[in-house]
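Structural characterization, general
What follows is each chain in one-letter form.
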Amino acid sequence: CQEKEIQKSLSVMDDAGLFRFDITQPFGLGSKCAKTYVSRCLLGEEGTTYRYLGLRMFSHPWNAYHGASGVASDTELHDA
């Protein structure tokens with residue numbers, strides 16, 4: 001089942017520490033940074049970046065886990 005393969009892939013990525021918590025400055029610029037409850041991981045072509053609320057994320061290549069036993073392929077993750 002494709003859903004189970006994708007869930008396993010996401011679990012492998014989580015175990016590898018690829019998901020990062022968003023960080024915000026709740027009291028405005030210059031205030032102490034705080035983690036939010038949201039975590040995310042950017043997958044894409046190598047070198048791709050994403051900027052959100054002043055933070056830049058760098059992508060993990062689609063094929064970083066390609067070929068790992070029981071892990072969905074990069075194409076399946078891309079299409080999900």
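Going by the structure above, here's the rest.
Our subject in this report is the structure included herewith.

Overview of the overall build of the chain
Each helix and strand in the chain was counted, giving two helices and six strands. Helices and strands appear in the chain in the N-to-C order α-β-β-β-β-β-β-α. Here the chain holds 80 residues, and the buried ones make up 18% of them. Considering only contacts in the chain between residues 6 or more positions apart, those separated by 24 or more positions represent 23%. Total accessible area on the chain stands at roughly 6,100 Å², and carbon and sulfur atoms take up 53% of it.

Topic: the layout of surface pockets
Looking at the largest pocket, its volume works out to about 300 Å³. What lines the largest pocket is a set of 18 residues, and nearest its centre among them are Arg20, Phe21, Asp22, Arg40 and Met57. Among the elements of the structure, β1 (20-24), β2 (34-40), β4 (49-52) and β5 (55-58) are those that each provide at least two residues to the lining of the largest pocket. Broken down by element, the lining of the largest pocket gets its largest block of residues, five residues, from β1. Its residues assigned to classes, the lining of the largest pocket comprises eleven nonpolar, three polar and four charged.

With respect to the side chain of Ser31
One can find Ser31 in the loop between β1 and β2. For Ser31, a relative accessible area of 17% translates into the label buried. Here the side chain of Ser31 touches Phe27 through a polar contact of 3.4 Å, landing on its backbone nitrogen.

Comments concerning helix α1 (residues 2-15)
With 14 residues, α1 should reach 20 Å at 1.5 Å per residue; the first-to-last C-alpha distance of 20 Å fits that figure. Gly17 sits one or two residues past α1 and shows a positive phi near 80 degrees.

Looking at the environment of Phe21
Mapped onto the elements of the fold, Phe21 is located in strand β1. On the basis of relative accessibility, which here comes to 44%, the residue Phe21 falls in the partly exposed class. When the C-alpha positions of Phe21 and Tyr37 are compared, they lie 6.9 Å apart, and in sequence the two are 16 residues distant. With residues up to four places along the chain from it excluded, the contact list for Phe21 reads Lys35, Thr36, Tyr37, Val38 and Ser39.

So, how was this worked out
Residues numbered from 1 in each chain as written. Predicted model: local features only at pLDDT ≥ 70, side-chain atom pairs only at ≥ 80, totals over all residues. Heavy atoms only, no water. Helix = DSSP H or I, 4+ residues; strand = E, 2+ residues; numbered from the N terminus. Buried < 20%, exposed > 50% of the residue type's maximum accessible area, 1.4 Å probe, protein only. Contact = heavy atoms within 4.5 Å. Areas by Shrake-Rupley, 256 points an atom, 1.4 Å probe, with all protein chains shown as cover. 1 Å grid on protein atoms, 1.4 Å probe; cavity = no way out; pocket = protein on both sides within 12 Å on 5 of 7 lines; lining within 4 Å. Points joined across faces, edges and corners; volume = space filled by probe spheres on them. Nonpolar A, V, L, I, M, F, W, Y, C, P; charged D, E, K, R; others polar. Polar contact = N/O pair within 3.5 Å; in protein donor to acceptor, adjacent residues only side chain to side chain. Expected span 1.5 Å × (residues − 1).

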